[in-house]
Amino acid sequence: MFAISLGDDGAELRPLEPWQAEEFLAHMERGREFVGQHIGFPDLATDLESSRACLRSYADKAAADTGRIYGIWTEVPEGARGRGGKLVGGVLFRTMNAAQGVAEAGCWLEPAAVGKGLITRASRAVIDWVIEGRGFHRVEWLVSAANEPSIAVARRLGMTRDGVLRESYLHRGKRADMEVWSVLAPEWRAAKQAAAGQTA
């Protein structure tokens, strides 16, 4: 299994697969209410069977090239790259349309891991892969208008707010406005080039 380092703090990004359902469920239990404020993941993974089914749905998407899911692990023991540590969140491509070159990215994080830049770092890694490695042109970020931390991530990623889908998302019996943010491949590359120029 591959692991991508997310920085000097030892955090890693790895594929999240059905065989990790037990670990995924334990992670969801730690963050169920926090994560579930704005997204439906915790409502889909309520026991071992449903957690496995949730991850299997993304394994099927990966096989069909229509989506991906990755976990973020912290506290990885020295010399244990790619294994061990604690699953604290993740990033995903909820949808991928290779023919159109458009993917929708998303994220989640348990409370204890908030404020460390993990989501921004992990999102940069997967967005860079889908743009540079796969040649996609547009990455979208759909977020509840009330989810300020996720909107802040979209801003840090250099995304542009395209608009608002009014009351388009029914979550736990209430309708939420969804903001659409996006970054285009030329914008992504220009921002990377500018950042490289600042550090040179």
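Preceding block: the structure.
Q: How would you explain the sheet that holds strand β3 (residues 68-74) if you had to name every residue and give the values?
A: Read from one edge of the open sheet, 8 strands run β1-β2-β3-β4-β5-β6-β8-β7, paired in mixed fashion. Of all strands in the sheet, those with a lone pairing partner are β1 (4-5) and β7 (160-171), marking the two edges. Where strand β4 (residues 86-97) lies against strand β5 (residues 102-109), 8 bridges are found, and the strand directions are antiparallel. Looking at the pairing, G90 lines up with W108 of β5. Packed on one face of the sheet, helix α4 (residues 118-133) meets β2 (12-15), β3, β4, β5, β6 (138-144) and β8 (174-184) and runs near 35° to β4. Along the sheet, helix α5 (residues 148-156) contacts β5, β6 and β8; its crossing angle with β6, the most-contacted strand, is approximately 160°.

Q: A description of the packing of aromatic side chains should follow, citing residues and the corresponding values.
A: If you walk through the whole model with that rule in mind, you get 5 aromatic pairs. Ring geometry for F41 against Y58: centres 6.3 Å apart, planes inclined by 70°, an arrangement best described as edge-to-face. Here F41 is found in helix α2 (residues 41-44), whereas its partner Y58 is found in helix α3 (residues 48-64), with 17 residues between them in sequence. Under the relative-accessibility criterion, F41 is labelled buried at 8%. Where F93 meets W129, the ring centres are 6.3 Å apart and the plane angle is 35°; that geometry is what we call tilted. Pair noted here: F93 is in strand β4 and W129 is in helix α4, with a separation of 36 residues, a long-range link. On the basis of relative accessible area, W129 is assigned to the partly exposed category, the value being 31%. Aromatic ring contacts, followed pair by pair, group F24, F41, Y58 and W108 into a single cluster. R14 extends its terminal NZ or CZ atom over the ring of W73, reaching a point 4.5 Å from the ring centre.

Q: Lay out the pairing of β5 with the relevant residues and their values.
A: The buried fraction of β5 is high, at 7 of 8 residues. Linkage of β4 to β5, two consecutive antiparallel strands, is achieved through a turn of 4 residues, within which G101 is found at a positive phi near 70°. With 4 bridges connecting them, β5 and β6 associate as parallel partners. For E104, the partnering residue across the bridge sits in β6 and is E140.

Q: Tell me about the environment of V180, and name the residues and values.
A: Within the secondary structure layout, V180 lies in strand β8. Given the relative accessible area of 12%, V180 is considered buried. Separated by 27 residues in the primary sequence, V180 and V153 place their C-alpha atoms 13 Å from one another. Those residues in contact with V180 that lie beyond four places of it in its chain are R138, W141, L142, T160, R161, D162, G163 and L165.

Q: Give a description of the layout of surface pockets that names residues and reports values.
A: By volume, the largest pocket amounts to about 950 Å³. What lines the largest pocket is a set of 37 residues, and nearest its centre among them are I39, C107, W108, N147 and S150. Contributions of two or more residues to the lining of the largest pocket are made by α1 (21-35), α2, α3, β4, β5, α4, β6 and α5. In terms of residue count, β5 provides more of the lining of the largest pocket than any other element does, 6 residues in total.

Q: How would you explain the pattern of salt bridges if you had to name every residue and give the values?
A: Side chains that differ in charge, positive against negative, can pair when their charged atoms come close. Summed over the entire model, instances satisfying the criterion amount to 14 salt bridges. When the shortest N-O distance is used, the salt bridge between E12 and R14 registers 3.0 Å. By the burial criterion, E12 is buried, and R14 matches it. Across the pair D162 and R138 runs a salt bridge whose closest N-O atoms are separated by 2.8 Å. Placement of D162 in strand β7 and of R138 in strand β6 is noted, with a sequence separation of 24 residues between them.

What counts and what doesn't
Per chain, the residues get numbers from 1 upward, laid out in the order the sequence is written. In keeping with the predicted nature of the model, local features appear solely for residues at pLDDT of at least 70, side-chain atom pairs appear and are counted solely at 80 or more, and the whole-chain, interface and lining totals rest on all residues. Excluded from the side-chain calculation are hydrogens and water; included are all heavy atoms of the structure. Any two strands with at least two DSSP bridges between them are considered paired. In this text, helices come from DSSP runs of H or I with a minimum length of four residues, and strands from runs of E with a minimum of two, each type numbered from the N-terminal end. Contact definition: two residues touch when any of their heavy atoms are within 4.5 Å. For helices, the fitted axis covers only the stretch in contact; all axes are lines through C-alpha atoms, and the angles between them, taken along N-to-C directions, range from 0 to 180 degrees. Two aromatic rings, drawn from Phe, Tyr or Trp (for Trp, its six-membered ring), form a pair once their centres lie within 6.5 Å of each other, and the interplanar angle then sorts them: stacked below 30 degrees, edge-to-face above 60, tilted otherwise. For every residue, the accessible area (1.4 Å probe, protein chains only) is compared with the maximum for its type, and the residue is labelled buried under 20%, exposed over 50%, or partly exposed between those bounds. For a Lys NZ or an Arg CZ to count as sitting over a ring, it must be within 6 Å of the ring centre and within 35 degrees of the ring normal. Method remark: on a 1 Å grid restricted to protein atoms, a set of points is classed as a cavity if a 1.4 Å probe fits but cannot get out and as a pocket if it is open with protein on both sides within 12 Å along at least five of seven lines; lining residues have an atom within 4 Å of a point. Grid points are joined across faces, edges and corners, and a volume is the space filled by probe spheres set on the points. We define a salt bridge as a contact between a side-chain nitrogen of Lys or Arg and a carboxyl oxygen of Asp or Glu at a distance within 4 Å.

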